Amino acid sequence: MSLIPTLDLIQLRKDIKAWSKSLGFQHFGISELDIGRHGEFLQKWLSKGYQGQMAFFDRNMDFRLKPDLLVPGTLRIISVGMRYLPPDAEFADNLDNPSSAYVSRYALGKDYHKLMRKRLRQLGEKIQEEVASVSFRPFVDSGPVLEHAFAEQSGLGWTGKHSLSLNNESGSWYFLGELFINLPLSVDAPIKDGCGSCTACITICPTRAIVAPYTVDANRCISYLTIEYDGVIPLEFRQAMGNRIYGCDDCQLVCPVNQQIPTTSESAFDNNYQLKSAYLTSLFRWSEKEFLTFLQGSPIRRIGYIKWRRNLSVAMGNAPFDAEILYALENALHTETNDILKEHFAWAIQQQTAKESTPDTENRQTKRLCRSIRKAQT
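Structural notes, computed from the coordinates.

About the criteria used
Residues numbered from 1 in each chain as written. Predicted model: local features only at pLDDT ≥ 70, side-chain atom pairs only at ≥ 80, totals over all residues. Heavy atoms only, no water. Helix = DSSP H or I, 4+ residues; strand = E, 2+ residues; numbered from the N terminus. Rg over C-alpha atoms; globule rule 2.2 N^0.38 Å. Contact = heavy atoms within 4.5 Å. Areas by Shrake-Rupley, 256 points an atom, 1.4 Å probe, with all protein chains shown as cover. Phe/Tyr/Trp six-rings, centres within 6.5 Å; stacked < 30°, edge-to-face > 60°. Buried < 20%, exposed > 50% of the residue type's maximum accessible area, 1.4 Å probe, protein only. Lys NZ or Arg CZ within 6 Å of the ring centre and 35° of its normal. Pairing = 2+ DSSP bridges. Expected span 1.5 Å × (residues − 1). Arc of directions from axis to C-beta. Polar contact = N/O pair within 3.5 Å; in protein donor to acceptor, adjacent residues only side chain to side chain. Axes fitted to C-alpha atoms, helices over the stretch in contact; angles between N-to-C directions. Parallel < 35°, antiparallel > 145°, perpendicular 65-115°, else oblique. Left-handed = near helix turned anticlockwise from the far one by under 90°. Nonpolar A, V, L, I, M, F, W, Y, C, P; charged D, E, K, R; others polar. Salt bridge = Lys/Arg side-chain N within 4 Å of Asp/Glu carboxyl O.

Helix and strand content of the chain: 17 helices and 10 strands. Taking 21 Å as the expected radius of gyration for a compact globule of 378 residues, we find that the chain reaches 22 Å, a close match to that expectation. Expressed along its principal axes, the backbone C-alpha trace of the chain runs to roughly 80 × 45 × 40 Å. Sequence-distant contacts in the chain: of pairs separated by 6 or more residues, those separated by 24 or more amount to 76%. Total accessible area on the chain stands at roughly 17300 Å², and carbon and sulfur atoms take up 51% of it.

Now for the packing of aromatic side chains. Per the stated rule, a full pass over the model turns up 17 aromatic pairs. Where Phe 139 meets Phe 180, the ring centres are 4.8 Å apart and the plane angle is 55 degrees; that geometry is what we call tilted. With Phe 139 in strand β4 (residues 136-139) and Phe 180 in strand β7 (residues 174-181), this residue pair connects regions lying 41 residues apart in the sequence. Look at Phe 180 and you get buried, because its relative accessible area is 1%. Summarising the aromatic geometry, the rings of Phe 175 and Phe 269 are spaced 5.3 Å apart at their centres and angled 70 degrees between planes, so their arrangement reads as edge-to-face. Linking Phe 175 in strand β7 with Phe 269 in the loop between α11 (250-253) and α12 (280-284), this pair joins segments that are 94 residues apart in sequence. The class of Phe 269 is buried, set by a relative accessible area of 2%. Through a chain of ring-to-ring contacts, three or more aromatic side chains come together here, namely Tyr 84, Tyr 106, Tyr 112, Trp 173, Phe 175, Tyr 246 and Phe 269. The ring of Trp 347 has Arg 238 sitting right over it, with the charged end atom 5.3 Å from the ring centre. Sitting above the plane of the Phe 284 ring, Arg 309 keeps its charged end 4.1 Å from the centroid.

Moving on: the pairing of strand β2 (residues 76-83). Extensive coverage of β2 is indicated by the burial of 8 of its 8 residues. Taking every second residue as pointing to the same face, both faces of β2 are buried, with Arg 76, Ile 78, Val 80 and Met 82 on one and Ile 77, Ser 79, Gly 81 and Arg 83 on the other. Bridging between strand β1 (residues 27-31) and β2 involves 5 bridges; their strand directions are antiparallel. Looking at the pairing, Ile 30 lines up with Ile 78 of β2.

Taking 1.5 Å per residue as the helical rise, helix α15 (residues 323-335) with its 13 residues ought to reach 18 Å, and the 19 Å between its terminal C-alpha atoms agrees with that figure. Of all the residues in α15, the buried ones are Ile 325, Leu 326, Ala 328, Leu 329 and Ala 332. Burial along α15 is one-sided: seen end-on, the buried residues are contained in an arc of 165 degrees. Facing away from the buried side of α15 by more than 90 degrees, the exposed set consists of Ala 323, Tyr 327, His 334 and Thr 335. Buried residues along α15 sit in contact with α12, α14 (304-318) and α16 (339-355). Capping the start of α15 is the job of one residue whose side-chain oxygen sits 2.7 Å from the backbone nitrogen of Glu 324: Asp 322.

The next point concerns the packing of α14 against α15. Viewed as axis vectors pointing N to C, α14 and α15 meet at an angle of 140 degrees, and their least axial separation amounts to 11 Å. Judged on the interaxial angle alone, α15 and α14 are oblique. In the crossing of α14 with α15, the sense of the turn from one axis to the other is left-handed. Two secondary-structure elements touch here, α14 through Arg 309, Ser 313 and Met 316 and α15 through Ile 325, Ala 328, Leu 329 and Ala 332. Partitioning the contact of α14 with α15 into residue classes produces 5 nonpolar, 1 polar and 1 charged.

Running from amino to carboxyl end, α15 crosses α16 at an angle of 150 degrees, the nearest separation of the two axes being 9 Å. It follows that α15 is roughly antiparallel to α16 by the angle criterion. Helix-helix and strand crossings are classified by hand; for α15 and α16 the assignment is left-handed. Every residue of α16 that contacts α15 at Ile 325, Leu 326, Leu 329, Glu 330, Ala 332 and Leu 333 is listed here: Lys 342, Phe 345, Ala 346, Ala 348, Ile 349, Gln 352 and Thr 353. Its residues placed into classes, the contact of α15 with α16 shows 9 nonpolar, 2 polar and 2 charged.

Here we come to the side chain of Arg 309. With respect to the helices, strands and loops of the structure, Arg 309 is situated in helix α14. Beyond its immediate chain neighbours, meaning those up to four positions away, Arg 309 contacts Phe 284, Trp 286, Ala 332, Glu 336, Leu 341 and Phe 345.

Let us now look at the pattern of salt bridges. Scanning the entire structure with this criterion turns up 12 salt bridges. For the salt bridge of Glu 152 with Arg 37, the shortest nitrogen-to-oxygen distance reads 2.8 Å. Here Arg 37 lies in the loop between β1 and α2 (38-47) and Glu 152 lies in helix α7 (residues 147-153), a separation of 115 residues in the sequence. In this structure Glu 152 comes out as buried when scored by relative accessible area, which is 9%. For Arg 244, the salt bridge is made with Asp 250, and the minimal N-O distance between the two is 2.9 Å. Residue class for Arg 244 comes out buried when judged on its relative accessible area of 2%. Residue Asp 250 is classed as buried on the basis of its relative accessible area, which comes to 3%.

What follows is the structure in structure tokens.
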């Protein structure tokens, strides 16, 4: 039953889609509140401890499974997608140069949370101008919302074997956002899974974090270890991290669907010049004040200065021998008081010292990934 008997929901839906596009969202879909198979999958995933330290996944389970409890009165969920891949992504240039820092491409520009939430709020307000009694609430990677489930249910994309949402227009290089709304709009049909027999993402993962198709063990994932995890990075994963200091894109880079995907036109996601092909030692020399200043508005700031230095020190240990790197680490260790950092600095010094008289061993998997990237770009 509609809020207003004479309301033309068909035309309103067309208008909402057009407004969404004008606000910079390349993808749009509407779903009911059913999360399909994702509820059962989430509970199995949690039972195996694959969430690591991300305790928020265990909280508010009722809200995750029943969205109308989270926002009472919700009848539909509008899902949107916004491309974020910058024109000068320079994937191989960074990965193939172990003395430079690799940052996941979603984090090269400004923090997407505020930008997209503001745009979604504007979309809701535009709908309210047409239907005053409408209520809404925007979410962008916030709150107990199974965003990939709604992206799948609304036809935005299918869930890939790397657990990210994929479609044939943007691959997986897009952010998701949701608008909970109390309008009985017509819904979209889900897209058929497009991964087929491909296992490229599973094969390429440096730490074997994709333990089964569609299943990621966060405890092994470089993105988790460099962003969410607060402790001492396990020794077994350090060399595999290479020069990845914030996040990892390997599973996306090798994905066939992600080849020749359009880049973003959103200037907020342009490459932060402070991070562009930045050398590890340059970033390591930042003071905490410089870290906060140079990364103003960046999602990287949320990991804090200690994890920033921890991640950089691992990458510096993995880099080819460099007297400048060794000096920076030894000097930092001499003055450091944080036990976690001291442990990582000491390990990195040991790695550098061992390489001083030994040729650096080629990381074959990274080299293979870089070759495939360059081939796709030609």
